[in-house]
Amino acid sequence: MGNNRPKLAVWKFASCDGCQLSLLDCEDELLAVAEAVQIAYFPEATREVVEGPYDVSFVEGSVTTPHDEERIREIREISGIVITLGACATSGGIQALRNFADVQEFTNIVYANPQYIDTLDKSHPISDYIKVDFELRGCPIDKYQLLEVVISLLAGKRPNIPTHSVCMDCKLKMNTCVLVAGNEPCLGPVTQAGCGALCPSYNRGCYGCFGPQDSANTDSMTEVWRHLGVADETILQAFRGFNGFLEPFKGASERLE
Amino acid sequence: MELKVLQLDQLNDLIQVLIMDDYQLIGPKVKDGVISYDSIKSSSELPIGIIDHQSPGKYALQNIQSSRFFGYTVSPYSWKKYLYPPVQSLFKVNRNGKGISFEVTNDEPRYAFLGVRGCELNAIKIQDKIFLKGNYIDPNYKRRRELSMIIAVECFNTCETCFCDSVGSGPEIPDGADIVLTEIFEDGDHYFLARSETEKGQDIFNHLKLNDADDKHVLIKDAQLERVRTQLKRRVQTTGLKSNLMANPDHPRWDEVAERCLACSNCTMVCPTCFCMTVEDVNDLDGTTDRQMRWDSCFTSEFTYIHGGNTRESVKSRYRQWLTHKFASWQDQFDSLGCVGCGRCITWCPPGIDITEELEALSIPSNQYKKGE
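Source: prediction; values computed, not measured.

Analysis parameters
- Residues numbered from 1 in each chain as written.
- Chains lettered and ligands numbered in written order.
- Predicted model: local features only at pLDDT ≥ 70, side-chain atom pairs only at ≥ 80, totals over all residues.
- Heavy atoms only, no water.
- Axes fitted to C-alpha atoms, helices over the stretch in contact; angles between N-to-C directions.
- Helix = DSSP H or I, 4+ residues; strand = E, 2+ residues; numbered from the N terminus.
- Parallel < 35°, antiparallel > 145°, perpendicular 65-115°, else oblique.
- Contact = heavy atoms within 4.5 Å.
- Nonpolar A, V, L, I, M, F, W, Y, C, P; charged D, E, K, R; others polar.
- Polar contact = N/O pair within 3.5 Å; in protein donor to acceptor, adjacent residues only side chain to side chain.
- Domains from an automatic or database assignment.
- Buried area = accessible area lost by both parts, 1.4 Å probe.
- Salt bridge = Lys/Arg side-chain N within 4 Å of Asp/Glu carboxyl O.

1. Details of the packing of helix 8 (residues 252–260) of chain B against helix 12 (residues 355–362) of chain B
All names here are of chain B. Where helix 8 contacts helix 12, the two axes come as close as 10 Å, and the packing angle between them is 155°. In this view, helix 8 runs roughly antiparallel relative to helix 12, as classed from their interaxial angle. For the pair helix 8 and helix 12, the contacting residues are R253, W254, V257 and R260 in the first and E357, E358, A361 and L362 in the second. Looking at the contact of helix 8 with helix 12 residue by residue, the class counts come to 4 nonpolar, no polar and 4 charged.

2. Considerations on unusual backbone geometry
The omega torsion across G52(A) and P53(A) is 0°, close enough to zero to call that bond cis. Cis rather than trans, the peptide bond between G170(B) and P171(B) has omega equal to 0°. Relative to the helices and strands, P171(B) resides in the loop between strand 9 (149–154) and strand 10 (179–186). The phi dihedral of Q65(B) is positive, around 55°, even though this residue is not glycine.

3. Let's talk about the side chain of S75(B)
All names here are of chain B. With respect to the secondary-structure elements, S75 resides in the loop between strand 5 (58–63) and helix 2 (80–83). A polar atom in the side chain of S75 sits 3.1 Å from the backbone oxygen of Y77. Those residues in contact with S75 that sit more than four places away from it in its chain are I35, S36, Y37 and R344.

4. A word on the domain arrangement of chain B
Residues and elements named next belong to chain B. Here the domain parsing of chain B yields domain 1 (2–85 + 107–231) and domain 2 (241–282 + 297–368). Inter-centroid distance (C-alpha atoms) of domain 1 to domain 2 is 28 Å. On the domain 2 side, the residues contacting the 30 residues of domain 1 number 29 residues. Taken together, the two surfaces of domain 1 and domain 2 that pack against each other cover about 2,200 Å², and 63% of this comes from carbon and sulfur. Considering only the side of domain 1, the residues that lose the most area to domain 2 are I126, I130 and F163, jointly responsible for 24% of the buried surface there. Counting every contact that joins domain 1 to domain 2 gives 1 salt bridge. Of the charged contacts in the structure, one is a salt bridge between E120 and R344, with a shortest N-O distance of 2.4 Å. Counting every contact that joins domain 1 to domain 2 gives 16 residue pairs in polar contact (both at pLDDT 80 or more).

5. Considerations on the domain arrangement of chain A
All names here are of chain A. What the domain assignment reports for chain A is domain 1 (2–155) and domain 2 (166–254). The distance between the C-alpha centroids of domain 1 and domain 2 comes to 26 Å. Facing 17 residues of domain 1, the contacting portion of domain 2 comprises 18 residues. In total, domain 1 and domain 2 occlude about 1,400 Å² of area from one another, counting both sides; carbon and sulfur atoms represent 64% of this. Remark: the boundary between domain 1 and domain 2 carries 0 salt bridges.

Okay, structure coming up:
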């Protein structure tokens, strides 16, 4: 592709870095990716910075400060395509647990000089502020989904990123259902696929890392878990995980309060 | 057709003859806490003394300390996973300089399926109609099907979820298999009644020294099947079913079932007749493409997404589509029901939605129906 390689930037907001590390975690494919795109801004990988504008921006993390608000709008200005990476950027992340409480109270408890803290009341997904072209779910994202997005961008096609349930992936893998045959509380039926049904493949219930599937019926899920003997408080905590502030997980947990 | 007695030690002989004949033998065995149809090499791998308990949203195995080989009912996944695999590569496209080349691989295995139940055999017959009749024949399915050998085994037990009799697919197996076995347990005697149905089946019989069966054996077998039939608790009233379903798209029961339905697609994935699929291109960074066909489901939103939106936005409309297809429009399309009464969709539905119960509720006229009936 020579000089026509798209210029790629990777940006970080409130997050743990795990998602952008998934890019470096591509190992076997990393060199091919680096040849196919020009990595222009990616502080986690290289100190070398190529000035914008950028063809593609990957954005990790959630918006939690007034400064973040300004920064994400600037990134949108200088980017052709904006793709968010992971649960923080898509739903506000685990830090969005504070959205259910009073952030000022936390600040006063945690910091010796809370007057220096300039933070928003809530942890926001990127799409609350700017138009996002594509969202990759997961905590962390799945590296094969990331590659699929990169390859699709280069090929000019729509990426194959299904929005159906984790159950579909379990069934395609011929897994034994941990919920039906193992009485294991599992969020698979309401969670979007993408991880390759990782936890159920190891006899664990799904934790909902990829957020709600496109037609999630969370109230029926609550009933199924109650039927397994799970306490409402535990069900509430299960919905209030990495994607707790994303509907319909948010509403499901609030109805259990 | 020959009716023979296959003694217990000859069951393993049968397995060895099939393996010697270059078949990849697939039969039931205990794996990951369930009865799984998997590769087996000897009769000792069969689930001896194991039975299954299936009820709405529940599955468990139990060892009943019996010497019975085929005491369970049906595995979570049907034989569909072999004849119509969940993901199939249709072809690969490679980039060669400025051109491209196509690559098709069809090294289909030669399967012998041991333990196909009446309901499952009917499901295979239904999929045969889908993939092998009409103007569009699936060449991959055709090859796998032609190469395969079916050794059916009639049921001895039932699960709470079974309803083969009322949809006309069991428990007896009149035709469609190469060999039909019935495991007989009578007055301390334990043996199989074995019937060859095709030349392929007869060829296998010729390698075994089997004694002839007589009328007494047939009577015992008939009595056993009659006992199985009376154990079946669930049933579907098929008379008037199609017209009733088609006349009731606004029945209040659809709203109720949609409240429970998780739209997770488990029912369609485990259904032995469901055949919906999608086609995806899996690309590589070096420019190679693998065009794959994979199972899809009418319960996903993507399934009915077309330009401009989704034609079945609500879960209610998706459930209604599935049920009316199985029991009504399927009849127009393939001249049979789309359901064989195996009960898998009832067992593997996390909230335990029971299609027989839904059909019964839907048979009550809308204006007389009371919620939760």
